[in-house]
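Residue-level structural notes
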Amino acid sequence: MSVLSLIIKREFIAKVRNKSFIVMTFLGPLLIVGMTFLIAYLSSVNKGDIKIVGVHDRANIFINDFKNSEDIKYVDLSNLPFDKAKDSASNAFEGLIYVPQVANVDELATKTTYISDDSPKMDFLMNLQKIIDTKLNKENLKKLGFDAEKIENAKIKSEVQFAKFSGEDGLKFLNEIKIGIGFAFGYLIMMFIIIYGNMVMRSVIEEKTNRIIEIIISSVKPFQLMMGKIIGTSLAGILQFLIWIVLGVILIFSLSAVLGGQQEAVTTAQVSVEQAEVAMSFVEKLQLYINEIPVFTIVISFVIFFIGGYFLYSSFYAAIGAAVDSETDSQQFLMPIIMPLMLAVYVGFLTVMNDPNGTVAVIFSLVPLTSPIVMLMRIPFGVPLWQIALSVVLLYGTFIFVVWFAAKIYRVGILMYGKKPSWKELYKWLKY
């Protein structure tokens, strides 16, 4: 067995036997699924909160237009003096809508006031403005001699249908699904790089602090040791992710079955037929969406960019771990590594969703430090094969170059103690 294989085996076994690794491997899915159901439960609980809003309409125009809903109840305080209505609302209500008496109703567009100590939610404020606009528009139409109700009834709500040049029906919301898939894969790569890249760095720092590295380096080359740590840690991370996926799927199906079993069973044949038709329709729609998405290209590209991106950034993390004596000292070097990852997420999300084949999206999908994330976000929309190939070549070419200079820093840094290195010193180490 080669030296590199022995190092990979040692790193892998050391990681998977670690108590924290074992605990998080089995506790992680429980926490994720638990948090998911907790958020869903809290969201359903919050829907039951009804907010009471007072209305003081001195102009006697809007009072009949404020309709109660599931979460908001309007109370008419127009018969009370304004000061008394204001005091009542401040003590018992969420807020007070004040409509002053004016000579011209058009003035209400700017003089209607919502009074509250708390800032209103955006949807409540927009709904309030919509009610005012609709009412004032109707009043203006009446002044001009038009029948507002007939005009309202004459309005038509259109629904544009999608179709292909081949005659097949198009699919709505397909782009949104592609955005979700691309963002999920890109974000997964970023989290894997950060979590397990830090694990590589901590492993190097630990061996350096315990002086074990001095014994190991007498038997193996620094480059072999660095690559062994990167590959061994990545295999442990992949194993942990696979276990998370399996346990997560089992937990989700188990909890869904338990919760579904607690609900009342519907036994009528009519409902059963309707449910079967809905299920069949959903399966057919799902199949259509899957056919429109390049699933094979996404999966293969995810594996390729996942490996390339992780190896590239893990080389940086290993070099940083060799250059410092503690995790505290590593903070000054981590920011330049994390920034490209964060930039890739924001650039991918802000540009790919609007123009996946635009100049900005294409450039950042080719730059090696951002391509593992941005390219994964673009691929669901369809990317020319030459762009994917060029991005892969640049990514792995940069990885080879980074490994070369990271190994130089690693070779010198693992034997340096007691001194915090600066960027200038790291540059000198490259020349040794």
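Residues numbered from 1 in each chain as written. Predicted model: local features only at pLDDT ≥ 70, side-chain atom pairs only at ≥ 80, totals over all residues. Heavy atoms only, no water.

1. Notes on the overall build of the protein chain
The secondary structure content of the protein chain amounts to 16 helices and 4 strands. Each of the 432 residues in the protein chain was classed as buried or not, and the buried ones make up 37%. In the protein chain, of all internal contacts separated by at least 6 residues, the share reaching a separation of at least 24 is 71%. Surface accessibility of the protein chain: about 26200 Å² in total, with carbon and sulfur atoms responsible for 64%. (Helix = DSSP H or I, 4+ residues; strand = E, 2+ residues; numbered from the N terminus. Buried < 20%, exposed > 50% of the residue type's maximum accessible area, 1.4 Å probe, protein only. Contact = heavy atoms within 4.5 Å. Areas by Shrake-Rupley, 256 points an atom, 1.4 Å probe, with all protein chains shown as cover.)

2. Here's the deal with the pairing of strand β3 (residues 95-99)
In terms of residue burial, β3 counts as a mostly covered element, since 5 of its 5 residues are buried. Taking every second residue as pointing to the same face, both faces of β3 are buried, with Gly-95, Ile-97 and Val-99 on one and Leu-96 and Tyr-98 on the other. Examined bridge by bridge, strand β1 (residues 51-57) and β3 share 5 bridges and lie parallel to one another. Of the residues in β3, the one forming a bridge with Gly-54 is Leu-96. (Pairing = 2+ DSSP bridges.)

3. Let's talk about the sheet that holds strand β2 (residues 72-76)
If you walk across this open sheet you meet the 4 strands as β2-β1-β3-β4, and the pairing is mixed. The open sheet has two edge strands with one neighbour each: β2 and β4 (113-115). Averaged over neighbouring strand pairs, the angle between their axes works out to 25 degrees when direction is ignored. Two strands pair when backbone bridges link them, and β3 and β4 are joined in this way by 3 bridges, in the antiparallel orientation. Within β4, the position partnered with Leu-96 by the bridge is Ile-115. Relative to β3, helix α3 (residues 82-92) is tilted by about 155 degrees, and along the sheet it contacts β1, β3 and β4. Lying over the sheet, helix α5 (residues 122-143) contacts β1, β2, β3 and β4, oriented at roughly 50 degrees with respect to β2. (Axes fitted to C-alpha atoms, helices over the stretch in contact; angles between N-to-C directions.)

4. Focus on a nonpolar patch on the surface
Nonpolar side chains collect at one region of the surface, where Leu-235, Ile-238, Leu-242, Ile-245, Val-249 and Phe-253 lie side by side and expose about 570 Å² of accessible area between them. Note that Val-249 resides in helix α9 (residues 222-262). (Patch = residues over 30% accessible without salt bridge, like charges linked within 9 Å, V, L, I, M, F, W, Y side chains within 5 Å. Salt bridge = Lys/Arg side-chain N within 4 Å of Asp/Glu carboxyl O.)

5. Structural notes on the packing of helix α13 (residues 359-366) against helix α14 (residues 371-378)
Two quantities define a packed helix pair, namely the angle between the axes and the distance from one axis to the other. With their axes 7 Å apart at the nearest point, α13 and α14 run at an angle of 130 degrees to one another. Classified by the angle their axes make, α13 and α14 are oblique. Between α13 and α14 lies a crossing whose hand is left-handed. For the pair formed by α13 and α14, the contact residues are Ala-361, Val-362, Phe-364, Ser-365 and Leu-366 on the first element and Ser-371, Val-374, Met-375 and Arg-378 on the second. For the contact of α13 with α14, the class distribution of residues is 6 nonpolar, 2 polar and 1 charged. (Parallel < 35°, antiparallel > 145°, perpendicular 65-115°, else oblique. Left-handed = near helix turned anticlockwise from the far one by under 90°. Nonpolar A, V, L, I, M, F, W, Y, C, P; charged D, E, K, R; others polar.)

6. Some words on the pattern of salt bridges
Oppositely charged side chains may form a pair once their charged atoms are brought near each other. Using the criterion set out here, one finds 6 salt bridges in the structure. A salt bridge links Glu-11 to Lys-229; the shortest N-O distance between them is 2.9 Å. With Glu-11 in helix α1 (residues 3-16) and Lys-229 in helix α9, this residue pair connects regions lying 218 residues apart in the sequence. One exposure class covers both Glu-11 and Lys-229, and it is buried. The residue Glu-139 makes a salt bridge to Lys-135 at a minimum N-O spacing of 4.0 Å. Of this pair, Glu-139 and Lys-135 both sit in helix α5, 4 residues apart, which is roughly one turn of the helix. We classify Glu-139 as partly exposed; its relative accessible area is 22%. Connected through shared salt-bridge partners, Arg-10, Glu-11, Lys-15 and Lys-229 make up one network.

7. Quick word on the UniProt feature "transmembrane region" (unreviewed entry) in the protein chain
Per the UniProt record, the feature "transmembrane region" (unreviewed entry) sits at residues 21-42, 179-200, 238-259, 293-313, 333-353, 360-379 and 385-407. The span residues 179-200 shows a helical share of 100% and a strand share of 0%, and its end C-alpha atoms are spaced 31 Å apart. Along residues 385-407 one finds 100% helix and 0% strand; the C-alpha atoms at either end are 33 Å apart. (UniProt positions renumbered as here; feature names shortened; annotations may be inferred.)

8. Description of helix α12 (residues 331-352)
Along an α-helix, residues three or four apart share an orientation, since each turn contains 3.6 residues. Taking 1.5 Å of rise per residue, the 22 residues of α12 would be expected to cover 32 Å, and the 31 Å separating its terminal C-alpha atoms lies within 8% of that figure. Its axis deflected by about 25 degrees at Ile-337, α12 carries its strongest bend there, up to four residues before the proline Pro-340. Within the sequence span of α12, burial applies to Phe-333, Leu-334, Ile-337, Pro-340, Leu-341, Ala-344, Val-345, Val-347, Gly-348, Thr-351 and Val-352. (Expected span 1.5 Å × (residues − 1). Bend = angle between axes of the 7 residues up to and from the residue.)

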